[in-house]
Amino acid sequence: MTALRALMQPHRIVMMALFALLILWCAISLRWDWIPRYMPLALEGMWRTIWILVVTSVLGFLLAVPLGLAQAVGPWYLAMPARTFCTIIRGTPLLLQIWLLYYGLGSLFPQYPWIRSSELWPYLRQAWPYAVLALTLSYAGYEGEVMRGAFAGVNKGQLEAARSFGMPRLTMFRRIWLPLAVRNVLPTLGGETILQLKATPLVATITVIDIYAVSSRVRSDTFIVYEPLLLLAAIYMIIAGLITLAFRRFENRVPG
Amino acid sequence: MKKTMLAAATIAAFVAGAAAADPVKIGIAAEPYPPFASPDSAGNWVGWEIEVINAVCAAAELDCVLTPVAWDGIIPSLTGQQIDAIMASMSITEERLKTIDFSDPYYNTPAVIVADKAMDIEPTPESLAGKIVGIQASTIHQAYAQEYFKDSELRIYQTQDEANQDLVAGRIDATQADSIAMADFVATEAGGCCEIKGPVANDESILGRGVGAGVRKGDDALREALNKGIAAILADGTHEKITAGYFTTSIYSK
Amino acid sequence: MEPILETLGLAEAAQLLSLSPPGWGANLLRGLANSLQIAFGAFGLGLVIGLFGAYGKLNGGPILRDLLAIYTTVIRAVPELVLILILYYVGSDLINKVASMMGYGRIEISGVVAGIWVLGVVQGAYSTEVLRGAIKAVPPGQIEAARAFGMPAFMTMRRVTIPAMMAFATPGLANLWLIATKDTALLAIVGFSELTLETRQAASSTRAYFTFFVAAGALYLMVTLFSGAVFGRIEKWARRGQPSLKGGHK
């Protein structure tokens, strides 16, 4: 209700009207006749973008937990590799990491002919395993740093209480430490996931056909430049909005 | 009024280095495409096409500057005025003529299929059915493959070089590209795995009629100047001389 | 056999990376210089936009505030790659149209300027948020005191607000600077010869993909670690006279 009232301020109504006019102008004077032809491809691309986003975020988060734990409380021989990994991932561009994985590894294949006869070859031929690997490592690198702070930030009293009741260490980690750490990072997790969404179009540079690649295809087929890009930006904004909403609902359901 | 003046001043300051006497910006693809255009380790662009560009500009008395841009954005760069002409082995096709104009052709090259020597592949849709074919985005080959190789899995690369790299790695079964560049590629150590399997069936409406210089629609002055330059180097033997430095046979036919 | 092969492999890499031809080291360094130039410019432009944006968001009228909110939301939701393409193609088109409308004729836009403009607009959105938070963290009493002594608004900003907020803004700005250096890699997609594109060209000309990508990664990492150290010192300097956050003497 308050949100509605906030929208009803006079200047906002004028701005919304202007925005509607802008959309109308875009709809009428720009070229959209290519949409029906590319619709199936676009849906497929959108699905692939979301699939990559979800899979790499989940896998990346699972990897981030041990990375954060190792840095927060691990012995030096675990903490140091974990810290080095996070520094390297965060210190170099993702595009370079993707190309190193895809073309760097690819350049090794001809030197080792047995790879081509191995069971993994059908997967190594595809582009998506490299995309998933690169994006997972990237998410883990950034989130590992966040989880380090989260694990270190959990109130020691709670852990001591669990220990004094004789809770086994693994149960303590699973039931108390991890949930508390995750609750601490939930607000940043939504932001990190949007950053991950914004990283997905880079996989198009190694031939994965995500929604970005579809827009490039439209551009190269029809020489229409702006319209596919504008629509693409709108699609990413909608997905980012949905992510924000989902995390907000999730946060509200977690007891604070 | 004052505000517009201020805005103009800001813009002028922002694009400091605005030149009054415009040199002609010749757009080339920012990727190694030997033997036509590739960067060397000293940071210069070298190759057959680079020499031809220099010769054409000299003959047409144009002050040209090479401007590397991404291939798949080269036409938007032209229409968006970042460059003035495209001389990047771009074939003259009907589809492209809807958006830009072309000069007369300055070389032609048929489209061929390249694949691993050990593979029994013919340059036909039937033989390539079920195979993974790598092609460069925004090329005549992409248009051709999308039209004819409907039963193949097409993998689209930003540069031909990446497709070649994946052909060597075995990630794709075949690639379709310009025959001259491919002849150069299979002669290299890395390209030794593969051979040219033959030209694809011609379809002039897609594959075009030779390579020309792309210019903006209506930029007739530049188009005429480039035509004059191309005609001049064809007439005085410069074209032939440059070609002899790279190839054993002529790569130009009327 | 193993160590000999390894030294042989390294010798080849060293030759490929040497600074004079036939080594490609000079190309990489030139690319790095371009990357840094653009990162500096974009970071600076972003700071200017961010400072105005933050002031607008805090003190502007309702319309300005809403417009700035739209700007920061859109920029932060759309992938940089897409923004770069849109701004890259639209930007020069727009400037040329404006210039020709005002009778200036065509304006040449160099790749560096285009890169700075594109990344600067993106950086501006993030800086707006960082600086807004930092300005809000400055105790209002300090600004009120300046005002009470009759300091003009601009002087208050220069002498009180900006120095006082530096300590709060530095960590966020350090992060933004790192993003700026890494985002320059995206300009490779539009064919601008910064470090990543130079690396790829060198890699594909020599087929030594691993060597060059790892070398470029090391260069980026050096920039990151070096800037981390510099920003650490800046933060220490900006925090001088403030109570330590780590506790101890309060």
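Residues numbered from 1 in each chain as written. Chains lettered and ligands numbered in written order. Predicted model: local features only at pLDDT ≥ 70, side-chain atom pairs only at ≥ 80, totals over all residues.

Within an unreviewed UniProt entry, the label attached to chain B reads Transporter substrate-binding domain-containing protein, and the organism entered is Sedimentitalea xiamensis.

Chain A goes by ABC transporter permease in an unreviewed UniProt entry, where it is assigned to Sedimentitalea xiamensis. Under Sequence similarities (unreviewed entry), UniProt gives the following word-for-word description of chain A: "Belongs to the binding-protein-dependent transport system permease family. HisMQ subfamily." (UniProt positions renumbered as here; feature names shortened; annotations may be inferred.)

## Regarding the overall build of chain A
Summing up its helical and strand segments, chain A has 11 helices and zero strands in all. The order of helices and strands in chain A, counted from the N terminus, is α-α-α-α-α-α-α-α-α-α-α. Expressed as a percentage of its 256 residues, the buried residues of chain A come to 36%. (Helix = DSSP H or I, 4+ residues; strand = E, 2+ residues; numbered from the N terminus. Buried ≥ 20, exposed ≤ 12 C-beta atoms within 10 Å, placed from the backbone.)

## A word on the overall build of chain B
Counting its secondary structure elements, chain B contains 11 helices and 12 strands. With the C-alpha coordinates aligned to their principal axes, the bounding extent of chain B is approximately 70 × 45 × 40 Å. By the burial criterion, 48% of the 254 residues in chain B qualify as buried. For chain B, contacts bridging at least 24 residues in sequence account for 72% of all contacts bridging at least 6. (Contact = placed C-beta atoms within 7 Å.)

## With respect to the UniProt feature "domain: ABC transmembrane type-1" (unreviewed entry) in chain A
Within this structure's numbering, the places UniProt gives as "domain: ABC transmembrane type-1" (unreviewed entry) are residues 46-247 of chain A. For residues 46-247 of chain A, the helix share is 80%, the strand share is 0%, and the end-to-end C-alpha distance is 20 Å.

## Quick word on the sheet that holds strand β10 (residues 174-178) of chain B
All names here are of chain B. Here five strands make up an open sheet; going across it, the order is β9-β8-β10-β7-β11 and the pairing mixed. Sheet topology places β9 (153-157) and β11 (194-199) at the edges, where each strand pairs with a single neighbour. On average, each strand axis in the sheet is tilted by 30° relative to the strand beside it, whichever way the strands run. The pairing of strand β8 (residues 132-136) with β9 spans five bridges and is classified as parallel. The residue of β9 that forms the bridge with isoleucine 135 is isoleucine 156. Lying on the sheet, helix α7 (residues 160-169) is in contact with β7 (111-116), β8, β9, β10 and β11; it crosses β8 at an angle near 155°. (Pairing = 2+ DSSP bridges. Axes fitted to C-alpha atoms, helices over the stretch in contact; angles between N-to-C directions.)

## Considerations on the UniProt feature "transmembrane region" (unreviewed entry) in chain A
When the UniProt feature table is mapped to this numbering, "transmembrane region" (unreviewed entry) covers residues 12-30, 50-70 and 229-247 of chain A. The span residues 50-70 of chain A is 100% helix and 0% strand, and its two end C-alpha atoms sit 30 Å from each other.

## Structural notes on unusual backbone geometry
As a rule of thumb, non-glycine residues mostly have phi less than zero, and peptide bonds are mostly trans rather than cis. Here proline 34 of chain B and proline 35 of chain B are connected by a cis peptide whose omega angle stands at 0°. Structurally, proline 35 of chain B is set in the loop between β1 (24-29) and β2 (38-39). One non-glycine residue with positive phi stands out, namely threonine 207 of chain A, at about 70°.

## A few points about the interface of chain C and chain A
Many authors give the size of an interface as the accessible area that is lost as the parts come together. Facing 30 residues of chain C, the contacting portion of chain A comprises 28 residues. When residues of the side of chain C that touches chain A are traced back to their parent elements, those giving at least two are α3 (62-77), α4 (80-101), α8 (195-206) and α9 (209-238) of chain C. Element by element, the count of residues in the side of chain C that touches chain A is highest for α9 of chain C, at nine residues. Each residue belonging to the side of chain C that touches chain A can be placed in one class, and the counts come to 22 nonpolar, three polar and five charged. (Nonpolar A, V, L, I, M, F, W, Y, C, P; charged D, E, K, R; others polar.)

## Description of the sheet that holds strand β6 (residues 100-107) of chain B
Residue and element names in this part refer to chain B. Pairing in this open sheet of five strands is mixed, and the strands run β4-β1-β5-β12-β6 from one edge to the other. Either end of the sheet is taken by a strand with one partner, and the two such strands are β4 (64-69) and β6. Both β1 and strand β5 (residues 85-86) contribute to a ladder of two bridges, which runs parallel. Along β5, the bridge assignment pairs isoleucine 26 with alanine 85. Strands β1, β5, β6 and β12 (211-216) of the sheet are contacted by helix α10 (residues 220-235), whose axis makes an angle of about 5° with β6.

## A closer look at the pairing of β10 of chain B
Residue and element names in this part refer to chain B. Where burial is concerned, most of β10 is hidden: five out of the five residues are buried. Pairing of β7 with β10, which is carried by five bridges, proceeds in the antiparallel orientation. The residue of β10 that forms the bridge with valine 114 is threonine 175. One ladder, built from two bridges, connects β8 with β10; its direction is parallel. What sits directly across from valine 133, in β10, is alanine 174.

## Let's talk about helix α3 (residues 35-73) of chain A
Helix length check: α3 of chain A (39 residues) gives 54 Å between terminal C-alpha atoms against 57 Å at 1.5 Å per residue, within 8%. At leucine 41 of chain A, α3 of chain A is deflected by roughly 35°, the largest bend along its length. (Expected span 1.5 Å × (residues − 1). Bend = angle between axes of the 7 residues up to and from the residue.)

## Focus: the interface of chain B and chain A
Every contact between the two is made by 18 residues of chain B and, on the other side, 13 residues of chain A. Among the elements of the structure, α3 (74-79), β9 and α7 of chain B are those that each provide at least two residues to the side of chain B that touches chain A.

## Thoughts on α4 of chain C
The terminal C-alpha atoms of α4 of chain C, which comprises 22 residues, lie 30 Å apart, in line with the 32 Å expected from a rise of 1.5 Å per residue. Those residues of α4 of chain C lying buried are Glu80, Leu81, Val82, Leu83, Ile84, Leu85, Tyr88, Tyr89, Ser92, Ile95 and Asn96 of chain C.

## Focus on the confidence of the model for chain B
The pLDDT averaged across chain B works out to 90; a share of 92% of its residues lies at or above 70. Confidence drops under pLDDT 50 across residues 5-20 of chain B; counting only partners more than four residues distant or on other chains, this segment forms 15 contacts. (pLDDT = per-residue confidence, 0-100.)

## Some remarks on the environment of glycine 106 of chain A
Tracing the chain through its elements places glycine 106 of chain A in helix α5 (residues 94-106). Along the primary structure glycine 106 of chain A and leucine 120 of chain A are separated by 14 residues, whereas in three dimensions their C-alpha atoms are 14 Å apart. Excluding residues within four positions of it along the chain, glycine 106 of chain A makes contact with Gln165, Asp166, Ala169 and Arg171 of chain B.

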